[in-house]
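Commentary on secondary and tertiary structure
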Amino acid sequence: MEATTFVLFGATGDLAKRKIYPALYNLFLDGKLPQSFTVFGLGRRTLTDETFQANVEQSLRDFSRREASDELLIKRFSSAFRYNVLDIGHVDDYEKLLNRIEQREAELQAAPNRLFYLSVGPEFFETIAERIQQSGLGSADGWKRLVIEKPFGHDLQSARDLNEKLSKSFAEEEVFRIDHYLGKPMVQRLEALQQENPVIQALWSNRYIANVQITASETVGVEERAGYYDQAGAVRDMFQNHMLQMLMVLAVQLPHISTSEKVRFKKKMVMEAVETLQKQDVATSVVRGQYRAGSINGQPVVGYTSEPGIDASSMNDTFIAARLQIDDFFWRGVPFYIRTGKRMKEKTTRIVIEFKEPLQHPSSEHKKGTVPNLLIFEISPNEGITLQINTKDAKNKGQFKPVQIDLFAGQEDAPEAYENLIFDSLHGDPTFFAHWDEVELAWQWVQPVLEAFEENLVPLRPYEAGSYGPAEADALLAADGYHWWFDT
Ligand code: BG6
């Protein structure tokens, strides 16, 4: 792999500690980092290289998925880390950083390939990108890449503004927008499953599929993120990005051989075909909820508006469910039901494909006990693929019973989302990053929903903490003759 300097803004932050350093360490253990690799950690605090390295080492002990106990290995890993104090607005600081980076590149005789990872609030993206350009950090002979994380904007307009500003310093192919759901091994598998398995491919359309259900439920509440979350809500925090990305990945129809351009082009086609809602119609297809007090795993928890930092009159959504239709040749007529929320009964991300029942006859005596065929993808925290089929019940003549066949039970020791994504960004492979076109189309779909929420055109439905969300989310499916699977 090409020599790389990994320039990390926000090096003393939480994400760096919990995700980025452990991910880099696991890549190191697997021999998946470039031979010539240096990390320049940047932050406001003054730290020596030694203290920074010690902090990085501690984060491995605390958060690495594989035990970090071999001190020699840990030291070898952390010796690639340097620290630089930097004030985000000061171009001089970037120039000093450039000097240090150039020295290090010369020492290692390494090409000036630089990856800038912005693990900081989005309000700093623009300034950082601009300063990288002004200081000359981004204009060496090698390549440069910018890795950023959501939120990409607060609504359609602010997302466009942000993109416009970033594009002055980085070309689209140099921008790697992380959506960590795209790094989850099962999400990455979905595409290949469909592409490489004629059996699945043959079933993948409105001919056989009745509906698709995508759930990402969480048991946690707002945690310590009141300031951010109360402005974002479930719609911006999860729906606009992770949920719509899962929809695109699932619905995409790919040719047998496909490049990252093809994948992105086809995902864009899916998102373009999703029928948009008019603001005044949002309430018929979208349910907006907020948790009330309840209990999670037997522990009582407070309602959203009693959470520290949340105003008692907050109308913020902590739950959203929606019915979407993709108006294209493959999916016309198949509803996609999507829901996500905080303080729900279980932590799970799951996709359920419900198949049609063309043979079902209402008066048929032979069909007692049958249920629809289902294909179930458990995405996280557990991974798995299960098929539900009907078999004869040997003990009850004339009766059928459903059985669930585990097709795949996940892979032990699978890399974490951040490992996959950092690896791909080091390789310059954009397949599992969100292209601007997808982000913009997702905002376009969400924009009338945001407006309808703001203008209270969609009632805010309370739901008890520890439940599966408001009853109206069940009614959304019941209106079409379906129900959410596996709400127990
Ligand atoms: C983040 C959201 O993007 O995803 C959080 O900001 C949410 O609010 C998290 O908790 C969920 O991720 P995961 O991987 O635990 O499902």
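Our structure's up above, just so we're on the same page.
Reference entry: report on the structure contained in this document.

What counts and what doesn't
- Residues numbered from 1 in each chain as written.
- Predicted model: local features only at pLDDT ≥ 70, side-chain atom pairs only at ≥ 80, totals over all residues.
- Heavy atoms only, no water.
- Helix = DSSP H or I, 4+ residues; strand = E, 2+ residues; numbered from the N terminus.
- Rg over C-alpha atoms; globule rule 2.2 N^0.38 Å.
- Buried < 20%, exposed > 50% of the residue type's maximum accessible area, 1.4 Å probe, protein only.
- Near = heavy atom within 4 Å.
- Polar contact = N/O pair within 3.5 Å; in protein donor to acceptor, adjacent residues only side chain to side chain.
- Areas by Shrake-Rupley, 256 points an atom, 1.4 Å probe, with all protein chains shown as cover.
- Nonpolar A, V, L, I, M, F, W, Y, C, P; charged D, E, K, R; others polar.
- Pairing = 2+ DSSP bridges.
- Axes fitted to C-alpha atoms, helices over the stretch in contact; angles between N-to-C directions.
- Contact = heavy atoms within 4.5 Å.
- Parallel < 35°, antiparallel > 145°, perpendicular 65-115°, else oblique.
- Left-handed = near helix turned anticlockwise from the far one by under 90°.
- Phe/Tyr/Trp six-rings, centres within 6.5 Å; stacked < 30°, edge-to-face > 60°.
- Lys NZ or Arg CZ within 6 Å of the ring centre and 35° of its normal.

A word on the overall build of the protein chain. Within the protein chain one finds 14 helices and 17 strands. Relative to its length of 488 residues, the protein chain is compact, with a C-alpha radius of gyration of 24 Å against a globular reference of 23 Å. Along the first, second and third principal axes, the C-alpha atoms of the protein chain reach 80 × 50 × 45 Å. When each of the 488 residues of the protein chain is scored for burial, the buried share is 54%.

Turning to the site of the ligand, a few remarks are in order. Around the ligand sit Lys150, His180, Tyr181, Lys184, Glu218, Arg225, Asp237, Met238, His242, Lys342 and Lys347, and those are all the residues in its vicinity. With respect to the ligand, the side chain of arginine 225 contributes an N or O atom lying 2.8 Å from an oxygen atom. At 2.7 Å, a side-chain N or O of histidine 242 approaches an oxygen atom of the ligand. Notes on the ligand: free accessible area 400 Å², of which the protein chains cover 80%. For the shell around the ligand, the residue count by class is 2 nonpolar, 2 polar and 7 charged.

This next bit is on the sheet that holds strand S2 (residues 37-43). What the 6 strands build is an open sheet, ordered S3-S2-S1-S4-S5-S6; its pairing is parallel. Every interior strand has two partners, whereas the edge strands, strand S3 (81-85) and strand S6 (175-178), have only one. Averaged over all adjacent pairs, the angle separating strand axes in this sheet is 20°, with direction ignored. Pairing between strand S4 (residues 114-118) and strand S5 (residues 144-149): 5 bridges, direction parallel. The partner of arginine 114 across the bridge, within S5, is lysine 144. Sheet strands touched by helix H12 (residues 417-427): strand S1 (4-9), S2, S4, S5 and S6. Its angle to S5, the strand with the most contacts, is close to 155°.

Turning our attention to the packing of helix H4 (residues 91-107) against helix H5 (residues 125-135). Relative placement of two packed helices is described by the angle separating their axes and the distance separating the axes. Interhelical geometry of H4 versus H5 gives an angle of 55° and a closest axis separation of 9 Å. Considering their axes alone, H4 and H5 lie oblique with respect to each other. In the packing of H4 onto H5, the handedness of the crossing is right-handed. Contacts between H4 and H5 involve Val91, Tyr94, Glu95 and Leu98 from the first element and Ile128, Arg131, Ile132, Gln134 and Ser135 from the second. Of the residues belonging to the contact of H4 with H5, the class tally is 5 nonpolar, 2 polar and 2 charged.

What follows is about H12. Among the 11 residues that make up H12, 9 are buried, leaving the element largely enclosed by the rest of the structure. Buried within H12 we find Ala417, Tyr418, Glu419, Asn420, Leu421, Ile422, Asp424, Ser425 and Leu426. The positive-phi residue at the C-terminal boundary of H12 is glycine 428, with phi of around 75°.

Under the counting rule described, the total for this entry stands at 24 aromatic pairs. The interplanar angle of 70° and the centroid separation of 6.3 Å between the aromatic rings of phenylalanine 116 and phenylalanine 170 together place this pair among those described as edge-to-face. Remark: phenylalanine 170 occurs in the loop between helix H6 (156-166) and S6 and phenylalanine 116 occurs in strand S4; sequence separation between them is 54 residues. Judged on exposure class, the residue phenylalanine 116 and its partner phenylalanine 170 are both buried. Measuring from ring centre to ring centre gives 6.3 Å for tyrosine 337 and tyrosine 482, while their planes differ by 65°; the resulting arrangement is edge-to-face. Of the two residues, tyrosine 337 sits in strand S12 (residues 335-341) while tyrosine 482 sits in the segment after helix H14 (471-478), which places them 145 residues apart along the sequence. Members of the aromatic cluster, joined through ring pairs, are Tyr21, Tyr25, Phe28, Phe52, Phe77, Phe81 and Tyr83. The ring of tyrosine 181 is capped by lysine 184, whose NZ or CZ atom sits 4.5 Å from the centre of that ring.

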